[in-house]
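A structural walkthrough
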Amino acid sequence: MDIRIEGLSRRFGSVAALERIDLHIARGELVALLGPSGSGKTTLLRAIAGLEPADEGRILFGALDATRLPVRERQVGFVFQHYALFEHMTVLDNVTFGLRVKPRRWRPGRAEIERRARELLVRVQLEGLERRYPNQLSGGQRQRVALARALAIEPRVLLLDEPFGALDAKVRKELRGWLRGLQRTTGYTTVFVTHDHEEALELADRVVILNRGRIEQLGPVAEVYECPANPFVFEFLGSANVLPAVARGRELWLPGAEHPLTGDQIFPGGEVAVYVRPGDVRLAGADPAAIPARVIDLQRTGPRVTAQAELSDGTRLFMELPHLHHDVSQLSVGAAVRLRLLQFRAYSRADAQRPGAGRPDSRQPGAAPSGQGRIAAR
Amino acid sequence: MNAATHSRDSSINRVLPGFGLSMAFTLSYLSLLVLIPLAGVFAKAAGLGLSGLWHELSEPRVLAALRLSFGGALLAAAVNLVFGPIVAWVFVRYRFFGKRLWHAMVDLPFALPTAVAGIALSALYGPQGWLGQPLNALGIKVAYTPLGVFVAMVFIGLPFLVRTLEPALEHAERTLEEAAATLGANRWQTITRVILPAVTPALLSGAAMAFARAVGEYGSIIFIAGNLPGLSEIAPLLIMIRLEEYDYAGATAIAAVMLVASCAILAALNALQFRARRTGAP
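Description of the structure in this document. By convention here, each chain's residues receive numbers from 1 onward along its written sequence. Each chain takes a letter, starting from A, and each ligand takes a number, starting from 1, following the order in which they are written. pLDDT decides what is reported in this predicted model: residues at 70 or higher carry local features, side-chain atom pairs at 80 or more are listed and counted, and totals for whole chains, interfaces and linings draw on all residues regardless. Note that the side-chain values use all heavy atoms of the structure and ignore hydrogens as well as water.

**Section: the overall build of chain B**
Helix and strand counts for chain B come out as 14 helices and 0 strands. Helix and strand definitions here come from DSSP, where helices need a minimum of 4 consecutive H or I residues and strands a minimum of 2 consecutive E residues; each element is numbered from the N-terminal end. For chain B, the succession of helices and strands along the chain, N to C, is α-α-α-α-α-α-α-α-α-α-α-α-α-α. Dimensions of chain B, computed from C-alpha atoms along their principal axes, come out at roughly 60 × 60 × 30 Å. Expressed as a percentage of its 282 residues, the buried residues of chain B come to 40%. Contacts between residues were defined by any pair of non-hydrogen atoms, one from each residue, lying within 4.5 Å. For chain B, the proportion of contacts with a sequence separation of at least 24, taken over those separated by at least 6, is 75%. To sort residues, take the accessible area from a 1.4 Å probe on protein chains only and compare it with the maximum for the residue type: under 20% means buried, over 50% means exposed, and anything in between is partly exposed.

Written out as structure tokens, the structure is:
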């Protein structure tokens, strides 16, 4: 069933957790709500489930207006961050709970309930563990019990709050692929919340990037990653260098450059900020069209070389260079180099200084230490 | 051989040494404080012989005192089992004006010198008391009756239920209720099938402690009880009376019975609790 959210707002006191959110999630789609803590992503998920009331706006499941429907009548499958399993019940009792509490009129027979639960346990690969208690299971198994329990009520939509947050890295990787497969075969419209951009990019059809209760950008995964709509999204999806530049139409002049960068964006002119990921910087040999810089720091760690370079105006940027390249192995601190940017985005200075921009969640895995590459941006 | 090396290794690998010494200390300390005095009671009681014991215990006054102490304590624990959770629930779930002050009040029956509590209760429920007078007018006599004993036992038992239940309720996170709701459970089903089972072990251990305290309670009961032999006289008081009469045999006979009965009831409650805990609930 598709989910349509129209002008949804939710306030906590004077803080707007959600501000006029409009979002359509197509039937069978897998959508990630991505954002730093406090961005409203969990509030949005809980609002869809009915666990959080809406102050304004509507939520529709297909043609059904669910805005005022109480949680237990919404028929949503919700997987909680820490699973919220009923510890005093066996795995089987957990999974059948949603069927057993139905009013007698709609409750399937005992045998039918058990048959359905066993079928689900096979689907989530927990057959044989029916009689176990949750505290006898591993984290990954507990998560799958929570999933089977949510699926047992044949939900209209499936909602997952940080589904992998409580698992260790290896299990997380395995479960991601598995969940993706399960979602494809069952076809449930699924929304999940995460603060991990890699998880969102790997799993979702589309991502919704939230910040301060608003949608910053939404779109297919590749599109959002390649063309972040604004500095916030760019920084949230990975570490970033921010370089000052002057724009003239398509041309962007970096400090000390003899030739401009040309991108596909057109600016009316004036100062812009060029955003580039450390992994998108390369050495350009003696190419006169490249940007002159000086290496000021160098670290060879494992397969990568991370270096810091300084442009002629003192702007510093971080680079992650492939180890095997000849130029890279010759690199030394103090050397003059020329740099090429494989990929970058430019934003007007006004955008870059907008409140909330340039503050990715510090918990974000893989993010650079705060302040990286922004040292001389101001 | 293998097992021996293994245990040896594990003792060598312990971070803090001194297992032997601290274990010896623990055991001798417990023996000195608990085991030897209790064994003394049995030794003394055994001196009576079975028929002597029977003679002491079959006296109607003794039987009535034992019935009052154990029956009252069980009943008081049962009452607290109903109302304690409500109090605990309100403190865990809601915020209200003066919550901290009210919360501190829960501990009062526990912290007050028992004689102070006893005097307060008998003043309150006595024939001239604030509550005693109107209740008397209704034909309900509290002071100097078994009802008074029961009231005092409820009073001192309450903190045990509330204090053991609070952490359990806090632990049974709100998300459990939310999970039950998303699965379609109504409020009654959520309470009876999700929340109560999750806190059952805590409920039972709270009830066990409240019961044990009520059985052994002395100071806060004797003032309100009036101590009429065969009617409102509790077993601990009767032990005291026997001692004052230099009837050591009679005193130890009652003591031994109380000891055995308390142990049996606590063991039963613990078994229940163990069962509840084994089937889940952390």
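Read on, since the account is not over.
**Focus: the sheet that holds strand β18 (residues 345-348) of chain A**
Hydrogen bonds between backbone atoms are what pair the strands of a sheet, whose relative direction is either parallel or antiparallel. All names here are of chain A. Pairing is antiparallel in the open sheet, where 3 strands are placed in the order β11-β12-β18. The sheet is open, and its two edges are formed by β11 (241-253) and β18, each paired on a single side. Going across the sheet, the axis of each strand differs from the next one's by a mean of 45 degrees, ignoring polarity. Strand pairing is defined by DSSP finding a minimum of two bridges between the two strands. In terms of strand pairing, β11 meets strand β12 (residues 261-276) through 10 bridges, oriented antiparallel. For L252, the partnering residue across the bridge sits in β12 and is L261. Fitted lines through C-alpha atoms serve as axes, helices being fitted only where they are in contact, and the angles separating the N-to-C directions of these axes extend from 0 to 180 degrees.

**Observations concerning the pattern of salt bridges**
Residues and elements named next belong to chain A. Note on definitions: salt bridges are taken to be side-chain nitrogens of Lys or Arg within 4 Å of carboxyl oxygens of Asp or Glu. This model, assessed by the stated rule, comprises 32 salt bridges over all chains. Its salt-bridge partner being E87, residue R142 comes within 2.9 Å of it at the nearest N-O pair. Note that R142 is positioned in helix α5 (residues 139-152) and E87 in the loop between β6 (76-79) and α3 (91-100), a separation of 55 residues in sequence. Across this residue pair, the class does not change: R142 and E87 are buried. A salt bridge links R116 to E112, with the shortest nitrogen-to-oxygen separation between them at 3.4 Å. With a gap of 4 residues between them, R116 and E112 both fall in helix α4 (residues 110-123), about one helical turn apart. Overall, the relative accessible area of 29% leaves E112 in the partly exposed class.

**Some details on the sheet that holds strand β4 (residues 56-61) of chain A**
Residue and element names in this part refer to chain A. Strand order in the open sheet made by the 4 strands is β2-β1-β4-β5, with antiparallel pairing throughout. Sheet topology places β2 (15-25) and β5 (64-65) at the edges, where each strand pairs with a single neighbour. Each of β1 (3-12), β2 and β4 is contacted by helix α1 (residues 41-49), which is oriented at about 120 degrees to β1, the strand it contacts most.

**Considering α5 of chain A**
For an α-helix, the turn length of 3.6 residues means that residues three or four places apart are oriented alike. Taking 1.5 Å of rise per residue, 14 residues should cover 20 Å, and α5 of chain A covers 20 Å from first to last C-alpha, within 8% of that figure. The buried count for α5 of chain A comes to 12 of 14 residues, which makes it a mostly enclosed element. Taken as a whole, α5 of chain A has its buried residues at G140, R142, Q143, R144, V145, A146, L147, A148, R149, A150, L151 and A152 of chain A. Buried residues along α5 of chain A sit against β6, α3, α4, β7 (157-161) and α6 (169-186) of chain A together with α10 (174-182) of chain B. Positive backbone phi, approximately 45 degrees, marks E154 of chain A, located one or two places after α5 of chain A. In this analysis, the expected span of each helix is defined as 1.5 Å times one less than the number of residues it contains.

Keep in mind these values describe shape, not function.
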